[in-house]
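Fold and geometry: a report
Chain by chain, the residues:
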Amino acid sequence: FSPDRLLGRRLTELDPASETLAFVERELQQVLESGEARTATIAFRRDGELRHHELHASAMRDAEGRVVGVAAVSRNITERVQLEERLRHSSRIEALGQLSGGVAHDFNNLLVAIGGYSDLALRRLNGHAEEVRQPLLEIRRAADRASDLTRQLLAFSSKQVLCPEVLDL
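Basis of the calculations
- Residues numbered from 1 in each chain as written.
- Predicted model: local features only at pLDDT ≥ 70, side-chain atom pairs only at ≥ 80, totals over all residues.
- Heavy atoms only, no water.
- pLDDT = per-residue confidence, 0-100.
- Helix = DSSP H or I, 4+ residues; strand = E, 2+ residues; numbered from the N terminus.
- Buried < 20%, exposed > 50% of the residue type's maximum accessible area, 1.4 Å probe, protein only.
- Contact = heavy atoms within 4.5 Å.
- Pairing = 2+ DSSP bridges.
- Axes fitted to C-alpha atoms, helices over the stretch in contact; angles between N-to-C directions.
- Core = buried A, V, L, I, M, F, W, Y, C linked by side-chain atoms within 4.5 Å.
- 1 Å grid on protein atoms, 1.4 Å probe; cavity = no way out; pocket = protein on both sides within 12 Å on 5 of 7 lines; lining within 4 Å.
- Points joined across faces, edges and corners; volume = space filled by probe spheres on them.

Let us look at the confidence of the model for the protein chain. Any region with low pLDDT has predicted coordinates that should not be read closely. Here the protein chain averages 87 in pLDDT, and 96% of its residues register 70 or above. Averaged over each element, pLDDT in the protein chain is lowest for helix α2 (residues 11-14) (78) and highest for strand β2 (residues 49-61) (94).

Below you can see the structure in the form of structure tokens.
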């Protein structure tokens, strides 16, 4: 608001429905009554956009030390708040990557055992108990699919690009 629109008026006169202006007015009233400076962060919508301001208000005193007014400064901190939120989001993603890496390593160890034991069981069948061959093959395929998923989790956690290669062991 322009200074000439504010001078001599209560904030709530500017927009009686505004909860934000009512809050600011209460903060300024607290400074007038207590004489102590106050700082508040305010979030509000303007032109459909969420904005954040930091309000600093201090008591103005006369020669005898009586509170005669309030000096207030409002600073737009929207960009700072948005950057802080992006940093928090980035930190959450990084923590998720570390967690998925740890889980993937442990899970991969289990999959090696599942795959190895299913391979051993398939070799020992030698034509006996053919009715268990198909379930063992399914266990082996599931372990292979889970192992592929684990590699993807490990790639995500270490921020590496997957580059599969065929190797002749």
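After presenting the structure, the write-up continues.
We now examine the side chain of serine 100. Structurally, serine 100 can be placed in helix α4 (residues 78-125). A relative accessible area of 10% means that serine 100 is categorised as buried. Ignoring any residue separated from it by four or fewer positions in sequence, one finds serine 100 in contact with Leu153, Phe156 and Ser157.

A few words on the sheet that holds β2. An order of β1-β2-β3 is seen for the 3 strands of this open sheet, with the pairing classed as antiparallel. For this open sheet the edge positions go to β1 (38-46) and β3 (67-76), each flanked by a neighbour on one side alone. When strand polarity is set aside, the average angle formed by the axes of neighbouring strands in this sheet is 30°. Relative to β3, β2 runs antiparallel, the two being bridged by 9 bridges. The residue of β3 that forms the bridge with methionine 60 is glycine 69. Across the face of the sheet, helix α3 (residues 19-34) comes into contact with β1, β2 and β3 while running at roughly 165° to β1.

To continue, consider the nonpolar core. Core analysis: the largest hydrophobic core is formed by 10 residues, namely Leu11, Leu14, Leu21, Val24, Leu28, Val31, Ile42, Phe44, Leu55 and Ala57. Broken down by element, this core gets its largest block of residues, 4 residues, from α3. Contacts of phenylalanine 44, omitting those with residues within four sequence positions, involve Thr20, Glu49, Leu50, Arg51 and His53.

To continue, consider the layout of surface pockets. Looking at the largest pocket, its volume works out to about 1,000 Å³. What lines the largest pocket is a set of 29 residues, among which Phe1, Leu6, Leu11, Leu21 and Val24 lie closest to the centre. Those elements that place two or more of their residues in the lining of the largest pocket are α1 (3-6), α3, β1, β2 and β3. Ranked by residue count, the leading element in the lining of the largest pocket is α3, at 7 residues.

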